[in-house]
Amino acid sequence: QVQLVESGGGLVQPGGSLRLACAASGRIFSFYVMGWYRQAPGKQRELVAGITSGLNTNYADSVKGRFTISRDNAKNTVDLQMNSLKLEDTAVYYCNARPNKGYSGSEFWGQGTQVTVAS
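Computed from a prediction, not measured in an experiment: that's the story for all the values here.

*Asks:* Could you give me a rundown of the pattern of salt bridges, with the residues and numbers involved?
*Replies:* One pass over the structure, following the stated rule, counts 5 salt bridges. Two residues, Asp 79 and Arg 19, come together in a salt bridge whose shortest N-O distance is 3.2 Å. Highlighted residues: Asp 79 in strand β8 (residues 77-82) and Arg 19 in strand β3 (residues 18-24), separated in sequence by 60 residues. Assessed through its relative accessible area of 17%, Asp 79 is described here as buried. Judged by its relative accessible area of 42%, Arg 19 is partly exposed. In this structure, Asp 89 and Arg 66 form a salt bridge, with 2.8 Å as the shortest nitrogen-oxygen distance. Placement of Asp 89 in the loop between β8 and β9 (91-99) and of Arg 66 in the loop between β6 (57-59) and β7 (67-72) is noted, with a sequence separation of 23 residues between them.

Conventions we followed
Residues numbered from 1 in each chain as written. Predicted model: local features only at pLDDT ≥ 70, side-chain atom pairs only at ≥ 80, totals over all residues. Heavy atoms only, no water. Salt bridge = Lys/Arg side-chain N within 4 Å of Asp/Glu carboxyl O. Helix = DSSP H or I, 4+ residues; strand = E, 2+ residues; numbered from the N terminus. Buried < 20%, exposed > 50% of the residue type's maximum accessible area, 1.4 Å probe, protein only.

Put into structure tokens, the structure is as follows:
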């Protein structure tokens, strides 16, 4: 059973930076896509960034050029570097792992870490 644990959230001023980390306790198969989602109060959970084991990436338009997702397959970790943070980035951020299209398997979620952007 894979367990995902996020860390690195906190309070940061607008324009600041924060780095989120997600560590998987178990093995992540190569056909799994890992990503970061976020959910603000009163809003639906949305995909922020995703990354395949081949390191192909996808970003939400709202974070392109500001956020960078990275993945270390050997260490079973995925990070999210967040720069030029805005008030609108305030949310609970969740790490996710799921099978890619055409594959089957369990989906895993982390417990979430709070990111608050405020002056």
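From this point, things continue past the structure.
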